[in-house]
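Chain residues, written in single-letter form:
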Amino acid sequence: MDHIKHLKCLICGKEYGPDEIEYVCPDHGKEGIVDVRYDYDLIKTRISPESLAQNEDYSIWRYKPLLPIAADAEVPPLSIGWTPLYEAPRLAEGLGLKHVWVKDDGRLPTASFKDRASAIAVVKAQEKNADIITTASTGNAAAALSGICASVEQPNVIFVPEAAPPAKIAQLLVFGSTVMLVKGTYDDAFELCLEAADEYGWYNRNTAYNPYMTEGKKTAVYEICEQLNWNAPDVVFVSVGDGCIIGGLHKGLKDLIALGWIDKMPRIMGVQAAGSAYMYEAWHDGEDILTKAPVSGVTVADSISAGLPRDRIKALAAVTETDGAYIRVSDDEILEAIPTLARGAGVFAEPAGAAAYAGLVKAVKLELVNADDRIVVLNTGNGLKDIASAMKSVEMVGTTPNRVEPNLDDLKRVIQEIK
Ligand SMILES: *Cc1c(COP(=O)(O)O)cnc(C)c1O
Ligand SMILES: [Zn+2]
């Protein structure tokens with residue numbers, strides 16, 4: 001892995017060789033998140049937009065020379081990455097905009113963006129011959145790790161809050177993970193998982209602890225830019241919980257600029273639920289994220305419920321360094337966005353995915369975007385992950401099914417009533 005220069009601590013700036021530390025900077029305990037730094041000159045000799053144009057591997061592995069894994073590393077067989085980037089002219093028009101695209105990561109194998117990161121975790125764990133991989137998760141990172149582990153017969157232990165949506169828990173059980181339903185919040189599950197990994201020596205996939213998760217997540221912007229013929233969008237909207245996805249997007253864009261494949265940095269807009277708006281508050285009020293106390297983290301969008309965002313250093317930089325913004329949306333705005341996005345673009349998102357679109361709606365109201373901006377909204381999770389919220393969302397906008405007797409006469413009566 002000669003393409004990795006070092007792992008740099010985001011708090012003290014200390015640099016470590018990739019084999020020197022496994023996860024965090026030892027000087028700051030679990031807060032010592034590090035960033036993987038690459039040798040771009042070397043990478044440029046191995047991959048280019050031209051070589052990609054000839055590459056028929058339409059998955060995240062087409063970007064292997066930019067990932068923190070060995071060139072000959074074996075990768076899981078599931079098809080991860082290269083999700084569709086749909087143009088959404090009706091949504092754009094409804095908002096008075098010209099160009100809106102929806103990147104649908106609900107299409108990944110376990111139906112959320114987290115597959116991009118868990119795929120890297122599984123490769124890294126196998127590189128280390130780990131017997132067991134573990135993670136804590138609000139649900140999707142767990143499902144992703146669970147599914148990808150199943151594809152390569154890798155034992156794993158998963159910690160989720162017991163209140164996680166049933167569909168996500170079902171995924172874990174179906175894939176055969178050892179599941180710990182933690183009687184507490186995601187934050188409690190996270191702490192317990194860290195302790196367990198330490199105690200038993202398990203490979204730790206935890207977000208914002210394992211530095212390689214960001215590296216998997218960055219592949220989404222490689223795809224977006226390649227799908228737009230390396231003409232980067234002006235603005236990207238993404239929902240934010242722990243902040244690992246938004247940090248990953250920023251990292252990927254920085255890579256592309258360092259390589260000279262895109263010529264401008266898009267503005268990154270982080271969308272948070274009002275009940276779990278740590279990053280929004282810190283950004284808006286200029287608070288110090290190393291000392292700011294946790295917030296309560298209560299929202300219908302379970303995947304972005306994070307009282308203390310684990311990746312807050314990267315999450316703040318993603319917005320401040322790109323002239324972006326944090327945007328706060330209510331649970332009602334999130335729920336309303338589910339049918340709007342589904343009807344306007346054919347993309348059915350779970351609440352945390354729809355939140356990104358709710359953020360765009362709000363950004364238009366706040367005049368944070370221009371009419372001719374080229375805008376990408378990232379759907380991070382499939383709507384089937386959380387049917388209870390989907391049903392609530394259609395109820396809110398007044399869509400109800402019709403009840404009909406199994407005969408034509410009654411059907412005619414119902415159709416008459418609809419008119
Ligand atoms: C995890 C997740 C997010 C937020 O990602 P963070 O890295 O925690 O900010 C958003 N949407 C979905 C569907 C997710 O699963
Ligand atoms: Zn440090």
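Preceding this paragraph is the structure being described.
Keep in mind the model is a prediction, meaning the values are calculated, not measured.

Focus on helix α7 (residues 186-200)
Then, in step 1: Here α7 is 15 residues long and its end C-alpha atoms lie 21 Å apart, about the 21 Å a rise of 1.5 Å per residue gives.
Then, in step 2: For α7, the set of buried residues is Y186, D187, A189, F190, C193, L194, A196 and A197.
Then, in step 3: In the core, the buried residues of α7 are packed alongside β6 (133-136), β7 (156-161), β8 (178-182) and β9 (203-204).
Then, in step 4: The residue sitting at the N-terminus of α7 and contributing the capping side-chain oxygen is T185; that oxygen lies 3.2 Å from the backbone nitrogen of D187.
Then, in step 5: One or two residues past the end of α7 sits G201, with phi positive at roughly 70°.

Thoughts on the coordination of the zinc ion (ligand 2)
Then, in step 1: In this structure, C9 (SG), C12 (SG), C25 (SG) and H28 (NE2) serve as the protein donors to the zinc ion (ligand 2), at separations of 2.2 to 2.3 Å.
Then, in step 2: For the zinc ion (ligand 2), the 4 donor atoms are set out with angles of 101 to 119° between them, so the coordination reads as tetrahedral.
Then, in step 3: Written as a sequence motif, the donor arrangement for the zinc ion (ligand 2) is C-x2-C-x12-C-x2-H.

A word on the packing of helix α11 (residues 278-285) against helix α12 (residues 312-320)
Then, in step 1: Where α11 contacts α12, the axes come no closer than 11 Å and their chain directions differ by 55°. In terms of orientation, α11 and α12 fall into the oblique class. Here α11 runs over α12; the crossing is right-handed. Judged by residue contacts, Y278, M279 and W283 of α11 engage R312, A315, L316, V319 and T320 from α12.

A few points about the side chain of N156
Then, in step 1: Among the structural elements, N156 can be located in strand β7.
Then, in step 2: Within the local environment of N156, its side chain forms a polar contact with the backbone oxygen of Q154, the two atoms lying 3.1 Å apart.
Then, in step 3: Setting aside residues no more than four positions away along its own chain, N156 makes contact with I132, I133, S146, C149, S177 and T178.

Section: the site of ligand 1
Then, in step 1: In the vicinity of ligand 1 there are 16 residues, among which K114, G241, D242, G243 and T380 approach most closely.
Then, in step 2: At 2.8 Å, a backbone N or O of D242 approaches an oxygen atom of ligand 1.
Then, in step 3: One of the backbone N or O atoms of G243 is found 2.7 Å from an oxygen atom in ligand 1.
Then, in step 4: With the chains in place, 97% of the 380 Å² that ligand 1 exposes on its own is no longer accessible.
Then, in step 5: Its residues placed into classes, the shell around ligand 1 shows 5 nonpolar, 7 polar and 4 charged.

A look at the sheet that holds strand β11 (residues 267-273)
Then, in step 1: In space, the 6 strands of this open sheet follow the order β4-β5-β13-β10-β11-β12, with mixed pairing throughout. Two strands in the sheet have a free side with no partner beyond their single neighbour: β4 (85-87) and β12 (325-329). Across the sheet, the mean angle separating the axes of adjacent strands is 25° when strand polarity is ignored.
Then, in step 2: As defined by bridge partners, strand β10 (residues 235-239) adjoins β11 across 5 bridges and the pair is classed as parallel. Bridge assignment links V235 to a residue of β11, and that residue is R267.
Then, in step 3: Where helix α10 (residues 244-259) meets the sheet, it contacts β10, β11, β12 and β13 (374-379), and its direction lies at approximately 175° from that of β11.
Then, in step 4: In this fold α12 packs onto β11 and β12, with an angle of close to 110° to the strand it touches most, β12.

Looking at the pairing of β10
Then, in step 1: Summarising burial for β10: 5 of the 5 residues are buried, a large majority.
Then, in step 2: The alternating pattern of β10 places V235, F237 and S239 on one face and V236 and V238 on the opposite face, and all of these are buried.
Then, in step 3: Read from β10 through α10 to β11, the crossover connection turns out right-handed.
Then, in step 4: With 3 bridges connecting them, β10 and β13 associate as parallel partners. Paired with V236 across the two strands is V376, which belongs to β13.

Let's talk about the environment of L91
Then, in step 1: Position of L91 relative to the elements: it lies in helix α3 (residues 89-94).
Then, in step 2: With 11 residues separating them along the chain, L91 and V102 place their C-alpha atoms 9.8 Å apart.
Then, in step 3: Apart from residues no more than four positions distant in its own chain, L91 is found in contact with V102, T340, L341, G344, A345 and Y357.

Analysis parameters
- Residues numbered from 1 in each chain as written.
- Chains lettered and ligands numbered in written order.
- Predicted model: local features only at pLDDT ≥ 70, side-chain atom pairs only at ≥ 80, totals over all residues.
- Heavy atoms only, no water.
- Helix = DSSP H or I, 4+ residues; strand = E, 2+ residues; numbered from the N terminus.
- Expected span 1.5 Å × (residues − 1).
- Buried < 20%, exposed > 50% of the residue type's maximum accessible area, 1.4 Å probe, protein only.
- Contact = heavy atoms within 4.5 Å.
- Polar contact = N/O pair within 3.5 Å; in protein donor to acceptor, adjacent residues only side chain to side chain.
- Donors = N, O, S within 2.8 Å, 3.2 Å for Na, K, Ca; no water.
- Tetrahedral: all angles 85-135°; square planar, octahedral: opposite > 155°, others 65-115°.
- Axes fitted to C-alpha atoms, helices over the stretch in contact; angles between N-to-C directions.
- Parallel < 35°, antiparallel > 145°, perpendicular 65-115°, else oblique.
- Left-handed = near helix turned anticlockwise from the far one by under 90°.
- Near = heavy atom within 4 Å.
- Areas by Shrake-Rupley, 256 points an atom, 1.4 Å probe, with all protein chains shown as cover.
- Nonpolar A, V, L, I, M, F, W, Y, C, P; charged D, E, K, R; others polar.
- Pairing = 2+ DSSP bridges.
- Right-handed = clockwise from strand over helix to strand, strands pointing away.

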